[in-house]
Amino acid sequence: MPPADYQILAGPAGGRAVVITEAASAVALAVAARLAGDGHLVLMGARRTDVCEGLASRLRSDGAAAFAAYLDLADPASINRFVESAGYLVGAVDVLVTAAGLADGSWVGAQHLAAQVIPPMIENQRGDVVLISPELVGPSLPGAKRMLDTWVLGLQAEFVGTGVRASIIRSGEDIVNLAVPRSTSVPEILKKATLPSISALN
């Protein structure tokens, strides 16, 4: 746990607090690089913290606000520690980008983490939950795509009138690019574009 006098790390003015899980995957790293480059405060969570911190360090050297912390979505205790760390590092989470449906048990963990960060979004009447389709990240459970669709539909129903949105990043010809607004309003955050190739981050 960080010391009692630890200060929340301040991102660029107008930026939003973004948490990305399964962040050592190529697509999650690309999302992190894009959002940090757009001026948002980004916290990457993964078991491969060396990979995430490597990118975070390079982003910080370019003036961005990006950080990494250990997260194992198959371990409830790890999820709880990560959420606590996020509170110190970025404050209230405005945007959650998470992968789900992987074969290592992270499906339940992703929902457990979301259940902890979504209520403050609803209370603040703004936020975004973005689900990364599992085939973009790694081996997935049978029926994972259907479960993901069911989850996002449930979230969208829950979020009606709250100012919070739920969306999916899918594979295919139109891999989408996150365009998270820097204002206090929450317009559509998904636009057709191409995520930067992870090779471009080297």
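Residues numbered from 1 in each chain as written. Predicted model: local features only at pLDDT ≥ 70, side-chain atom pairs only at ≥ 80, totals over all residues. Heavy atoms only, no water.

- Naming follows an unreviewed UniProt entry, where the protein appears as Short-chain dehydrogenase of Mycobacterium fragae.
- Per UniProt, the protein carries the Sequence similarities (unreviewed entry) text "Belongs to the short-chain dehydrogenases/reductases (SDR) family." (UniProt positions renumbered as here; feature names shortened; annotations may be inferred.)

### Some thoughts on unusual backbone geometry
Argument step 1. Of note in this structure, Gln125 is not a glycine but carries a positive phi near 60°.
Argument step 2. Examined against the element boundaries, Gln125 turns out to sit in the loop between α4 (106–124) and β5 (127–132).
Argument step 3. Residue classification places Gln125 among the exposed residues on the basis of a relative accessible area of 58%. (Helix = DSSP H or I, 4+ residues; strand = E, 2+ residues; numbered from the N terminus. Buried < 20%, exposed > 50% of the residue type's maximum accessible area, 1.4 Å probe, protein only.)

### A word on the side chain of His40
Argument step 1. By secondary structure assignment, the location of His40 is in the loop between α1 (26–37) and β2 (41–46).
Argument step 2. Polar side-chain contacts of His40 include one of 3.0 Å to the backbone nitrogen of Arg16. (Polar contact = N/O pair within 3.5 Å; in protein donor to acceptor, adjacent residues only side chain to side chain.)

### Focus on the side chain of Thr21
Argument step 1. Here Thr21 lies in the loop between β1 (17–20) and α1.
Argument step 2. Take Thr21: its relative accessible area is 1%, and that puts it in the buried class.
Argument step 3. Within the local environment of Thr21, its side chain forms a polar contact with the side chain of Thr98, the two groups lying 2.7 Å apart.
Argument step 4. Apart from the residues within four sequence positions on either side, Thr21 is in contact with Ala28, Gly45, Leu71, Leu73, Leu96, Val97, Thr98, Ala99 and Leu113. (Contact = heavy atoms within 4.5 Å.)

### So, the environment of Gly15
Argument step 1. As for its position among the elements, Gly15 is in the segment before β1.
Argument step 2. Its relative accessible area of 27% is what places Gly15 among the partly exposed residues.
Argument step 3. Sequence spacing of Gly15 and Gly39 is 24 residues, and the spatial spacing of their C-alpha atoms is 5.4 Å.

### Looking at the packing of α4 against helix α5 (residues 144–158)
Argument step 1. Two elements in contact, α4 and α5, have axes separated by 13 Å at closest approach and are oriented at 15°. The orientation of α4 relative to α5 falls into the category roughly parallel. In terms of crossing hand, the pair formed by α4 and α5 is right-handed. Contacts from Trp107, Ala110, Gln111, Ala114, Ile118 and Ile122 in α4 reach Ala144, Met147, Leu148, Trp151, Leu155 and Glu158 in α5.
Argument step 2. When its residues are assigned to classes, the contact of α4 with α5 shows ten nonpolar, one polar and one charged. (Axes fitted to C-alpha atoms, helices over the stretch in contact; angles between N-to-C directions. Parallel < 35°, antiparallel > 145°, perpendicular 65-115°, else oblique. Left-handed = near helix turned anticlockwise from the far one by under 90°. Nonpolar A, V, L, I, M, F, W, Y, C, P; charged D, E, K, R; others polar.)

### Overview of the nonpolar core
Argument step 1. Formed by 34 residues in total, the largest nonpolar core has its most connected members in Val19, Leu43, Val90, Leu96, Leu113, Val129 and Trp151.
Argument step 2. Those elements that place two or more of their residues in this core are β1, β2, β3 (65–70), α3 (76–89), α4, β5, α5 and β6 (164–169).
Argument step 3. With seven residues, α4 is the largest single contributor of residues to this core.
Argument step 4. When sequence neighbours within four positions are dropped, the list of residues in contact with Val129 reads Leu96, Ile118, Met121, Leu155, Phe159, Arg165, Ala166 and Ser167. (Core = buried A, V, L, I, M, F, W, Y, C linked by side-chain atoms within 4.5 Å.)

### What to know about α5
Argument step 1. Between its terminal C-alpha atoms α5 stretches 21 Å, which fits the 21 Å expected from 15 residues at 1.5 Å a residue.
Argument step 2. Along α5, the residues that are buried comprise Ala144, Leu148, Trp151, Val152 and Leu155. Axial view of α5: buried residues confined to an arc of 95°, hence all on one face. Relative to its buried face, α5 has exposed residues pointing more than 90 degrees away, namely Arg146, Thr150, Leu153 and Ala157.
Argument step 3. Among the structural elements, β4 (95–99), α4, β5 and β6 are those in contact with the buried residues of α5. (Expected span 1.5 Å × (residues − 1). Arc of directions from axis to C-beta.)

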